[in-house]
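What follows is the residue order along each chain.
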Amino acid sequence: MPDHDTLKEQLRAALCAADPWTALYSLNTDRPAALAAAAEELYRSDPDRDAFRPYLASLLQDLGEAGDDVLVRLLAVPTLSPRDRQDLLWATVVRRLRLPAALLRSCAEQPPAPGDGETNGRSPLAPALIDAMGLSGDPSFAPRLGAFLDDPAVRRRAALALGRLGAREWTAPIASRLSAVTGLEHTAFVVALELMDDPVAVPYLLRRLAESAEERVHDVHLALVRLTGRDPLLPEGARGAAYASAVRAAWAEGRTERAPAVVRDLVVESDALARFSVDEGAGRIRIVFDPPSPSSGWPRWNRSLTLDGKPLYGVGSLCDTCELGLTLLDWPDEAAARIAARMRGRLADLDRLDTALLAEWTPVLGELETGHYRAVLLDLPLEEVTEPARSWWHRRAAARAEEDGDETEYAGSPVEDSWPGVAHLQLTAPVAGGRLPRTYGALLPSQPPEALDPATVARHAAAIAAGKRPAAVVLGWIDDRYVRAEHEERWLVGAVLDGHHRLAAYAAAGVPARVLLIAREGEGADSGTEGLAEVVAAYACHA
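Since this is a predicted model, take the numbers as computed values, not measurements.

### Side note on the overall build of the protein chain
Phase 1 of the analysis: When helices and strands are counted, the protein chain shows 23 helices and 13 strands.
Phase 2 of the analysis: The C-alpha atoms of the protein chain give 26 Å as radius of gyration, which agrees with the globular expectation for 543 residues (24 Å, within 12%).
Phase 3 of the analysis: With respect to the three principal axes, the spread of C-alpha positions in the protein chain is 75 × 65 × 45 Å.
Phase 4 of the analysis: Evaluated residue by residue, the protein chain yields a buried proportion of 49% over its 543 residues.
Phase 5 of the analysis: Put simply, of all contacts in the protein chain between residues at least 6 apart along the chain, 70% involve residues at least 24 apart.
Phase 6 of the analysis: Total accessible area on the protein chain stands at roughly 23,600 Å², and carbon and sulfur atoms take up 51% of it.
Phase 7 of the analysis: If you average the places of the 58 positive and of the 79 negative side-chain charges in the protein chain, the two averages end up 4 Å apart.

Structure below.
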């Protein structure tokens, strides 16, 4: 293990390399605290510090908690250049650090970095400084931030910063400006109102909905659902003008109280396939947009699968040219895991769907978020995967390399980068017979795999060996991607709500697992209908 001086020389050598970013990435980070100390020393005293500083700020950001104190100490150096201060501020914003108010005021009195410029004759505030004020938790910054709500250069960031501060005295001023902003600025102002969580915004949003252009209706609708708890059902497949008209009609009477959940339009199409809709769903299990990252230009980007409001998995963005990746965030409270357990009576040996069965389960189905659903009974060939290199999240890169005829592009990607962070089950092979040759499948747990009771797994294994087919309940969806506009890729993704022991028994026995998949209509071009139809064709249970 290198001592401090040796580590500092290694760091300096990386910074002097022809490609410093790659060299820093390859640097051994087994001792992040020691590396952070070496970076601070170089930042303060090295003769080449002016060339090193942008790289060192990024390195400290990537070192996580080990670099946080160093970032704050360096930011307090009174002789910082404007560019250095900006680099360090961006790093603290990415890390979501809560900086001392005195330090932020000091930064605000300094001249801006080149390119930040002045804003409408007022004292300039760099974008990173606006974000940092919003993260500070100090309401004294609210008036200064509010003064920038009419400044096109920074008003989007100022609104979000006020939202993060929860400065509700600025709810009405932000809401009253919705008609003056468009595009991402409009989205940012709406999301700022969501962050405020202030009912004062609701009348403004209702008025805005009636006046909004078609492309802005979706944002206002999401904010109304978030702020009121009311989640009205919209027509299946509605898009464009039809969608905007349906949203306006749903809120036209100004009703904001949430009604009891109703499961409607229940149709059993076969022994293995049914459809239903949930109106005013309780939303105990739902996918929601995360609060926006202060360092991002997109007010709505990443999403999470939540149980009782607690994030379970990060599910990434809706961008269909981005790669799909899921990330374990936290395990839900025990109460959430009981939702699907209320369906267990008929799950012990389930071989067909029928109207009476689904009607019996309507109290549970009403716990879902509002939307249109398919219930599908499948026999899925599953395997347990505990090593990142064995998962489809990583192995999909080999398929892309084969298609491109170039393995080098994917050779350097660490296998852990695409690993969801937990052992899970996956299809033993891509779905056969579909339009896309790469339709993968992964079922992720909603409780720690190590918490499984071996005796319970053995009991289910015995039932399976005796010919019974106990079913697990999975909330899932079809995710279609065109990665980098080069590789079409489709996923069947699911979170196990009930039946972890049953699935473990199936995987151990090598028997296709009986799975009741509850899939919500998505927001993609075909809402996942093609992919779901292909999954049904390949794996539908035949009684």
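### Considering the sheet that holds strand β4 (residues 303-307)
Strand pairing within a sheet occurs via backbone hydrogen bonds; the two strands may be parallel or antiparallel.
Phase 1 of the analysis: The four strands are arranged β3-β4-β5-β6 in an open sheet whose pairing can be described as antiparallel. Where the open sheet ends on each side, the last strands, each with one partner, are β3 (285-289) and β6 (327-328).
Phase 2 of the analysis: When β4 meets strand β5 (residues 310-316), the two strands line up antiparallel, connected through five bridges. Bridging from a neighbouring strand, R303 pairs with G316 of β5.

### Comments concerning the pattern of salt bridges
Phase 1 of the analysis: Summed over the entire model, instances satisfying the criterion amount to 42 salt bridges.
Phase 2 of the analysis: The closest approach of N and O atoms between R255 and E280, which form a salt bridge, is 3.6 Å. On the criterion of sequence distance, the pair formed by R255 in the loop between α15 (240-251) and β1 (262-270) and E280 in the loop between β2 (273-279) and β3 is long-range, its members being 25 residues apart.
Phase 3 of the analysis: Each of R435, D480, E488, R490, E530 and E534 takes part in salt bridges that share partners, so that together they form one network.

### Re the packing of aromatic side chains
Phase 1 of the analysis: Counted by the stated rule, this structure contains six aromatic pairs.
Phase 2 of the analysis: Summarising the aromatic geometry, the rings of W298 and W301 are spaced 5.4 Å apart at their centres and angled 35° between planes, so their arrangement reads as tilted.
Phase 3 of the analysis: Here the aromatic cluster, defined as three or more aromatic residues joined through ring pairs, consists of W392, W393, Y440 and W491.
Phase 4 of the analysis: Between R207 and the ring centre of Y204, over which it is positioned, the NZ or CZ distance is 5.0 Å.
Phase 5 of the analysis: The ring centre of W392 lies 3.8 Å from the NZ or CZ of R395, which sits over that ring.

### Section: the nonpolar core
Phase 1 of the analysis: Counting residues in each nonpolar core, the largest one holds 84 residues, and the members touching the most others are L11, L56, L162, I174 and L205.
Phase 2 of the analysis: Excluding its chain neighbours within four sequence positions, the residues that come into contact with L205 are L178, L193, V220, A223, L224 and L227.

### Here we look at helix α7 (residues 101-108)
Phase 1 of the analysis: Listed in full, the buried residues belonging to α7 are A101, L103, L104, C107 and A108. Down the axis of α7, the buried set is contained in an arc of 160°. They therefore lie on one face.
Phase 2 of the analysis: The secondary structure elements touched by the buried residues of α7 are α5 (65-75), α6 (82-94), α8 (127-135) and α9 (142-146).

### Looking at the sheet that holds strand β7 (residues 371-380)
Phase 1 of the analysis: Strand order in this open sheet of nine strands is β1-β2-β7-β13-β11-β12-β10-β9-β8, and the pairing throughout is mixed. In the strand order of this sheet, the two ends are held by β1 and β8 (382-385), each with one partner. Averaged over neighbouring strand pairs, the angle between their axes works out to 30° when direction is ignored.
Phase 2 of the analysis: Where β7 lies against strand β13 (residues 513-520), eight bridges are found, and the strand directions are antiparallel. Opposite A375, over in β13, you have I518 as the bridge partner.
Phase 3 of the analysis: Contacting β8, β9 (424-427), β10 (439-444), β11 (472-483) and β12 (487-498), helix α19 (residues 392-404) runs over the sheet at an angle of about 170° to β12.
Phase 4 of the analysis: Here helix α23 (residues 529-539) sits on the sheet in contact with β7, β9, β10, β11, β12 and β13, set at roughly 25° to β7.

### Focus on the side chain of H424
Phase 1 of the analysis: Relative to the elements of secondary structure, H424 occurs in strand β9.
Phase 2 of the analysis: Given a relative accessible area of 2%, H424 falls into the buried group.
Phase 3 of the analysis: Leaving out residues up to four positions away in the same chain, H424 has contacts with E383, E384, V385, S391, W393, W419, A442, L443, L444 and P445.

### Notes on the packing of helix α3 (residues 32-45) against helix α4 (residues 49-62)
Phase 1 of the analysis: The geometry of α3 relative to α4 is characterised by a closest axis approach of 9 Å and an angle of 155° between their N-to-C directions. What the angle tells us is that α3 and α4 run roughly antiparallel. Where α3 crosses over α4, the handedness of that crossing is left-handed. Here L35, A36, A39, L42, Y43, R44 and S45 of α3 lie close against α4, whose contacting residues are R49, R53, L56, L59 and L60.
Phase 2 of the analysis: Looking at the contact of α3 with α4 residue by residue, the classes come out as eight nonpolar, one polar and three charged.

### Remarks on a nonpolar patch on the surface
Phase 1 of the analysis: A contiguous nonpolar surface patch, about 280 Å² in accessible area, is contributed by L184, W298 and W301.
Phase 2 of the analysis: Among the structural elements, W301 can be located in the loop between β3 and β4.
Phase 3 of the analysis: Given a relative accessible area of 30%, W301 falls into the partly exposed group.

The rules behind the values
- Residues numbered from 1 in each chain as written.
- Predicted model: local features only at pLDDT ≥ 70, side-chain atom pairs only at ≥ 80, totals over all residues.
- Heavy atoms only, no water.
- Helix = DSSP H or I, 4+ residues; strand = E, 2+ residues; numbered from the N terminus.
- Rg over C-alpha atoms; globule rule 2.2 N^0.38 Å.
- Buried < 20%, exposed > 50% of the residue type's maximum accessible area, 1.4 Å probe, protein only.
- Contact = heavy atoms within 4.5 Å.
- Areas by Shrake-Rupley, 256 points an atom, 1.4 Å probe, with all protein chains shown as cover.
- Lys, Arg positive; Asp, Glu negative; His and termini not counted.
- Charge placed at Lys NZ, Arg CZ, Asp CG, Glu CD.
- Pairing = 2+ DSSP bridges.
- Salt bridge = Lys/Arg side-chain N within 4 Å of Asp/Glu carboxyl O.
- Phe/Tyr/Trp six-rings, centres within 6.5 Å; stacked < 30°, edge-to-face > 60°.
- Lys NZ or Arg CZ within 6 Å of the ring centre and 35° of its normal.
- Core = buried A, V, L, I, M, F, W, Y, C linked by side-chain atoms within 4.5 Å.
- Arc of directions from axis to C-beta.
- Axes fitted to C-alpha atoms, helices over the stretch in contact; angles between N-to-C directions.
- Parallel < 35°, antiparallel > 145°, perpendicular 65-115°, else oblique.
- Left-handed = near helix turned anticlockwise from the far one by under 90°.
- Nonpolar A, V, L, I, M, F, W, Y, C, P; charged D, E, K, R; others polar.
- Patch = residues over 30% accessible without salt bridge, like charges linked within 9 Å, V, L, I, M, F, W, Y side chains within 5 Å.

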